[in-house]
Amino acid sequence: MDLQHLHPATGRPAEILVVDDDQRLLTSLATLLRQAGYQVTEALGGHVACQTLKEQSFDLAMLDLRMPGIDGFDVMSYAASARPECGVIVVSGESAFTSVSRALRRGALDYIKKPFDPEELLETVRNVLGQQSLLRDHADVQTRLKKSEALHRYIVNSSPDIVFMLDQDGRICFINNKVNTLLGYLPAELIGQHFSIILDDQDVARGTYAILDTSVSSDNPRTLELRMKTRGSRKANRHFEVTAFPIAPDTWPHIKDGSDRMSGQKARFYGTARDVTERKEAEAFINFQAYHDLLTRLPNRALFKDRLNLAITHARRNNQKLAVMFLDLDRFKVVNDTLGHAMGDRLLQAVTRRLEGCLRKGDTLSRFGGDEFTLLLPAIHGDDDAKHIAQKLIDALTTPFTLGEHEVFVGISIGIAVFPEAGQSMDQLIQNADIAMYHVKGRGKGDYRFFCDNMSIDSANRLSLERDLRLALDRDELRVYYQPQVCTQTGQIVGIEALVRWQHPDRGLLYPGDFLPLAEETRLIEDLSERVMAKACEDVGQWIKAGHKDLRLAVNLSPSQVEHPRFVETLIQQLQACDFPAGNLEIEITENVIMNDLDQISQKLRELADHGVRIAIDDFGTGYSSLNYLHRLPIHTLKVDQSFVRDIRNGDDGACIVNAIVAMAHGLKLDIVAEGVETDAQLHYLRKLGCHQVQGFFYGPPRPPEAIQQALKQTHLQMAAI
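Residues numbered from 1 in each chain as written. Predicted model: local features only at pLDDT ≥ 70, side-chain atom pairs only at ≥ 80, totals over all residues. Heavy atoms only, no water.

Caption draft 1: Summary view of the overall build of the protein. When helices and strands are counted, the protein shows 25 helices and 26 strands. Pairs at least 24 residues apart make up 64% of the contacts formed inside the protein by residues separated by at least 6 positions. For the protein, the accessible area works out to roughly 34,900 Å², and carbon and sulfur atoms hold 49% of it. (Helix = DSSP H or I, 4+ residues; strand = E, 2+ residues; numbered from the N terminus. Contact = heavy atoms within 4.5 Å. Areas by Shrake-Rupley, 256 points an atom, 1.4 Å probe, with all protein chains shown as cover.)

Pasting the structure below:
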């Protein structure tokens, strides 16, 4: 029975208040939590949230920051005063460092960015509830330990603490049986011995000075924590809270009866030693949890920021440089989705071990969250030091990881910000390293880049564009344009390639290069591609039913789509939902996508081919260009990249690559499409060479569906006349 939804302290289902001003997002999050077994109350907006908190108590509140009227920060302030026992997790699309920092300073226990991963969100909820329980337990222990009781209740053999008396020189006059239970010593063998005999060697000087200090009096007793030895080191030394009181010389008589375990000397001090080992271990665990990631045992972002602040202060004082690196794993999400979160956790641990092996003494590697890491390199001499470490980190991950029966590959993209050039403060350095990392992602991943000033402008544009892109999906601002693929012999349109455009309300018509890389980074590419595919299947499906039964729809797919574990299943389901014939679809992928994981991609392409879907290699000749995969995969078409087509000139040798690709396609009995045909000379050359099909501005740029429909009608009439 899964009890993860139960509150660790009470054993009942945890009660959670969910706050958002978007009803759809509010319902979605509340449903997810209810399915996980939590008791959930919904509050639409900040005003309702505050009223609900006034009337009812909760274990946890999960709230958005940006809400009209009473925003998330106001709700946090109200909860802190009205329901201080209620923890807060922020679930917000607000990603600015200032907002995140402000939320954490206001008492948020964690911060989750929208859109969130359901499993990660539920894990965060479980961790926060568990952390609250630990903190409450710790507070209870501290409260109990602070309650002092009269000494006479402990100076008995039944006391739970070690009770002892010392003479003027610090020798043990009396000690109760508890010393045997806790440390393994018989009381009789300790009588007459100096009390330091049971102290840990490192605490002897401190303990001796503290207890025998002349400033200690009955009104000013000395309490301190000391480690005591277990007999023969059978167990680890234990922690005790020792309280010692001086007494008047004549207060205690001479008692020589061994049964009472008193020496013949007069007692000068008496005290108690309470075993606080479990409390110390709990404190150590809570402290570790507060500043470390429990999965990888690395410092978390809080500890990283503390160390970075200290390093900046030291570097500024000594006129030195330091570097901050932002590391993001490539292909981790694919592994996590394919093999599951347990394997994903094992991969993160294995990656951590390799990365730690590349570091210098004094460097700080931190898990910043998910598959993101940060690295602090203090006191570097220059950029070359950071370059050297970055390359070591990249090289360390080139060897595949073995997870059970699986061999997986991951890479790493690294952004670097150097103090003081790339930022004077902690937040600036982290943010600029993050920006530089995104520039690596946009250029193909698996590399490193240093932050430079023009990236800040790009970053501002990127944040604005990301916000607009999310709105574009809601507002249906995406448009599908089509470019004909024409038979070189008949001039007939035999296929059309679907190309996405974005009709931005302020910036006008945007082309794929302006927003597709951003869609990949923000994981919006799947929603975007699904919209484009649905629209293309709708348009082309109508033209097929109108009489163009052999018309082929070509769609270019992103690497993340193809690498997704449910890629084939999702694509086939989408075709069935649109009632689109699989035999009329041709998907275009690049060589690099295939070679990233040849075995997995090969299997997926064979499954698609079995359903009748055609496979085309886009930009052929610009990637790996390994001929090995051509005969291993169910490939139907090679697309010649437009850069090669541009080299075609009258009377020169610039078209040799095109000649070779066309000859290869003929030899392998593959169709071939030449992209970027713009002139009559290029068309004539390709037709003479035996290139089957072409596309490009010679036949017109990509056009909206209405223009393509008209072109199809004209082509149909021309063919009918022939």
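Caption draft 2: Region of interest: the packing of aromatic side chains. All chains considered together, the criterion is met by six aromatic pairs. Centroid distance Y482 to W543: 5.5 Å. Interplanar angle 70 degrees. Geometry classified as edge-to-face. Separated by 61 residues along the polypeptide, Y482 in strand β18 (residues 478-487) and W543 in helix α17 (residues 525-545) bring together distant segments of the chain. Accessibility expressed as a relative area gives 0% for Y482, which makes it buried. The interplanar angle of 85 degrees and the centroid separation of 5.6 Å between the aromatic rings of W502 and F515 together place this pair among those described as edge-to-face. Of this pair, W502 sits in strand β19 (residues 493-504) while F515 sits in helix α16 (residues 512-521), and the two are 13 residues apart along the sequence. For the pair shown, W502 and F515 are each scored as buried. Joined through ring pairs, the aromatic side chains of F304, F326 and F368 make up one cluster. (Phe/Tyr/Trp six-rings, centres within 6.5 Å; stacked < 30°, edge-to-face > 60°. Buried < 20%, exposed > 50% of the residue type's maximum accessible area, 1.4 Å probe, protein only.)

Caption draft 3: Quick peek at the environment of P118. Its location among the elements puts P118 in helix α5 (residues 118-146). It is 9.3 Å that separates the C-alpha atoms of P118 and L33, two residues lying 85 residues apart in sequence.

Caption draft 4: Representation of the pattern of salt bridges. On inspection of all chains with the given rule, the structure shows 30 salt bridges. Among the ionic pairs, D203 bridges to R227, the shortest N-O distance being 3.2 Å. Of this pair, D203 sits in the loop between α7 (187-190) and α8 (204-212) while R227 is found in strand β8 (residues 222-228), placing the two residues 24 residues apart along the sequence. The class of R227 is partly exposed, set by a relative accessible area of 27%. Salt-bridge contacts for R566 lead to E569; the nearest nitrogen and oxygen are separated by 3.0 Å. A relative accessible area of 40% places E569 in the partly exposed class. One salt-bridge network, held together by shared partners, links E497, E588, K639 and E675. (Salt bridge = Lys/Arg side-chain N within 4 Å of Asp/Glu carboxyl O.)

Caption draft 5: Helix α13 (residues 383-396), seen in detail. A rise of 1.5 Å per residue sets the reference length of α13, with its 14 residues, at 20 Å; its end C-alpha atoms lie 20 Å apart and thus fit the reference within 8%. Buried within α13 are the following residues: A386, I389, A390, L393, I394 and A396. Buried residues of α13, viewed axially, fall in a sector of 165 degrees; they line one side. Among the exposed residues of α13, those pointing more than 90 degrees away from its buried face are D384 and H388. (Expected span 1.5 Å × (residues − 1). Arc of directions from axis to C-beta.)

Caption draft 6: Representation of the side chain of T637 in the model. Mapping T637 onto the fold places it in strand β24 (residues 637-640). Assessed through its relative accessible area of 1%, T637 is described here as buried. Side-chain polar atoms of T637 contact the side chain of E586, separated by 2.8 Å. Only 3.1 Å separates the side chain of T637 from the side chain of R614, close enough to count as a polar contact. Not counting residues up to four positions away in its chain, the partners in contact with T637 are E586, R614, I615, A616, I617, D671, I672 and V673. (Polar contact = N/O pair within 3.5 Å; in protein donor to acceptor, adjacent residues only side chain to side chain.)

Caption draft 7: Structural detail: the sheet that holds strand β2 (residues 39-44). Pairing in this open sheet of five strands is parallel, and the strands run β2-β1-β3-β4-β5 from one edge to the other. Here the strands that pair on one side only, and so sit at the sheet edges, are β2 and β5 (110-113). Averaged over all neighbouring strand pairs, the angle between strand axes comes to 20 degrees, with direction disregarded. Pairing of strand β1 (residues 15-20) with strand β3 (residues 60-63) involves four bridges; the strand directions are parallel. Within β3, the residue paired with L17 across the bridge is A61. (Pairing = 2+ DSSP bridges. Axes fitted to C-alpha atoms, helices over the stretch in contact; angles between N-to-C directions.)

Caption draft 8: Quick peek at the pairing of strand β21 (residues 552-556). For β21, the tally of buried residues reaches four of five residues, placing the bulk of the element in the interior. Bridge analysis of β19 against β21 gives four bridges, and the strand direction is parallel. Across the sheet, residue G495 finds its bridge partner in β21, namely R552. Pairing geometry for β21 and strand β22 (residues 585-590), over four bridges, is parallel. In the strand pairing of β22, A554 is matched with E586.

Caption draft 9: Fine view of the side chain of T296. Mapping T296 onto the fold places it in the loop between α9 (277-291) and α10 (301-317). There is a polar contact of 2.6 Å between the side chain of T296 and the side chain of D293.

Caption draft 10: Quick look at the packing of helix α11 (residues 332-339) against helix α12 (residues 341-356). The N-to-C vectors of α11 and α12 enclose an angle of 140 degrees; their axes lie 6 Å apart at closest approach. What the angle tells us is that α11 and α12 run oblique. Between α11, through F332, V335, N336 and L339, and α12, the contact on the second element is made entirely by H341, M343, G344, L347 and L348. Across the contact of α11 with α12, the residue classes break down as six nonpolar, three polar and no charged. (Parallel < 35°, antiparallel > 145°, perpendicular 65-115°, else oblique. Nonpolar A, V, L, I, M, F, W, Y, C, P; charged D, E, K, R; others polar.)

Caption draft 11: The arrangement of the confidence of the model for the protein in detail. Counting all residues, the mean pLDDT for the protein is 83, and 86% of those residues have values of 70 or more. Below pLDDT 50 for its whole length, residues 147-151 participates in four contacts with residues either more than four positions away or in separate chains. Residue range residues 253-261 is modelled with pLDDT below 50. Its contacts to residues more than four positions away, or to other chains, number 19 contacts. (pLDDT = per-residue confidence, 0-100.)

Caption draft 12: Region of interest: unusual backbone geometry. Omega for the peptide link from K114 to P115 comes to -10 degrees, which places this bond in the cis form. Note on placement: P115 falls in the loop between β5 and α5. With an omega of 5 degrees, the peptide bond between F419 and P420 qualifies as cis. Within the secondary structure layout, P420 lies in the loop between β16 (411-419) and α14 (426-442).

Caption draft 13: The arrangement of the sheet that holds strand β10 (residues 269-275) in detail. The five strands are arranged β7-β6-β10-β9-β8 in an open sheet whose pairing can be described as antiparallel. Each end of this open sheet is capped by a strand with a single partner; those strands are β7 (172-175) and β8. Along the sheet, successive strands turn relative to each other by an average axial angle of 25 degrees, direction set aside. Note: strand β6 (residues 162-166) against β10, five bridges, orientation antiparallel. Each bridged residue has a counterpart across the sheet, and for F164 the counterpart in β10 is G271. Packed on one face of the sheet, α9 meets β8, β9 (238-246) and β10 and runs near 125 degrees to β9.

Caption draft 14: Molecular detail of the nonpolar core. Ranked by internal contacts, the top residues of the largest apolar core, which has 76 residues, are Y482, L528, V540, L553, L585, I587 and L608. What L585 contacts, discounting residues up to four positions off in sequence, is L553, V555, L571, L575, F580, V613 and R614. Core analysis: the second largest hydrophobic core is formed by 35 residues, L327, V335, C358 and L377 among them. (Core = buried A, V, L, I, M, F, W, Y, C linked by side-chain atoms within 4.5 Å.)

Caption draft 15: Layout of the packing of helix α2 (residues 46-55) against helix α3 (residues 72-82). One can describe the packing of α2 onto α3 by two numbers: an axis separation of 9 Å at closest approach and a directional angle of 10 degrees. By the angle between their axes, α2 is roughly parallel relative to α3. On the side of α2, the interface is formed by G46, A49, C50, L53 and K54, while α3 contributes V75, Y78 and A79. By residue class, the composition of the contact of α2 with α3 is six nonpolar, one polar and one charged.

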